Amino acid sequence: MSEKLGTRTEDRLLEARRESLHQLNESSIRPHGKLWGMDVFSWFNPTPSLIANTLHSFPFPAIWIGNGAVIAKALAEDELLLNNLSAVISYDSSIFNLENHWLDKIKNCVGTQSVEEAFHFLKMVKAPQTILMFTATGENWEDNKKEFEDFLKLVQV
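Overview of the structure. Owing to the predicted nature of the structure, the values given are computational and were not obtained by experimental measurement.

1. A closer look at the side chain of Thr54
Part 1 of the reasoning: Note on placement: Thr54 falls in helix α2 (residues 48-57).
Part 2 of the reasoning: Sequence-distant contacts of Thr54, defined by excluding residues within four places in its chain, comprise Ile29, Trp43 and Met133.

2. Some thoughts on the pairing of strand β1 (residues 30-35)
Part 1 of the reasoning: Inspection of the sheet shows β1 paired to strand β2 (residues 38-44) by four bridges, in the antiparallel sense. Across the sheet, Arg30 pairs through a bridge with Ser42, a residue of β2.

3. Here we look at helix α5 (residues 115-125)
Part 1 of the reasoning: Those residues of α5 not exposed but buried are Val115, Ala118, Phe119, Phe121, Leu122 and Val125. An end-on view of α5 places all buried positions within 165 degrees of arc, on one side of the element. Exposed and facing more than 90 degrees away from the buried side of α5 are Glu116 and Met124.
Part 2 of the reasoning: Structurally, α5 contributes buried residues whose contacts are with β2, β3 (62-66), β4 (85-90), β5 (108-111), β6 (131-136) and α6 (141-155).

4. With respect to the pairing of β2
Part 1 of the reasoning: Burial analysis of β2 places six of its seven residues in the buried class, which makes it a mostly covered element.
Part 2 of the reasoning: As defined by bridge partners, β2 adjoins β6 across six bridges and the pair is classed as parallel. Among the inter-strand pairings, Trp43 is bridged to a residue of β6, identified as Thr135.

So, how was this worked out
Residues numbered from 1 in each chain as written. Predicted model: local features only at pLDDT ≥ 70, side-chain atom pairs only at ≥ 80, totals over all residues. Heavy atoms only, no water. Helix = DSSP H or I, 4+ residues; strand = E, 2+ residues; numbered from the N terminus. Contact = heavy atoms within 4.5 Å. Pairing = 2+ DSSP bridges. Buried < 20%, exposed > 50% of the residue type's maximum accessible area, 1.4 Å probe, protein only. Arc of directions from axis to C-beta.

Rendered as structure tokens:
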């Protein structure tokens, strides 16, 4: 009996540890090295305020590829973020729902229908001494994460 109790407790602890590692993996910013002279980072399921704080801390302007609603929410919470962005690429809608005064301050903005289309635009706005930040949120975040990581495997040297 005590063996079964010990096994169940051990299984629960292992499951709790797996869940904790899974959550940490989802919510931490991850560096991916360099791509075309840019420092590359990804972040899955971050909050808009954490994204804004992180983008403020980068030493170079950023290209942000992400979900349009999260981009809009981050800019609504912190308009000073506009000073840190050289390009914004939304991968979930070809209609870019940002306020006009935001669009005036960002050099390059585009809305695309997919992560793959976002990468085509990225090739046009890439620049050395720039940060590339890819964020994925929402119900398809895992698919978008996989697309991003597959893209990096293909083009990163």
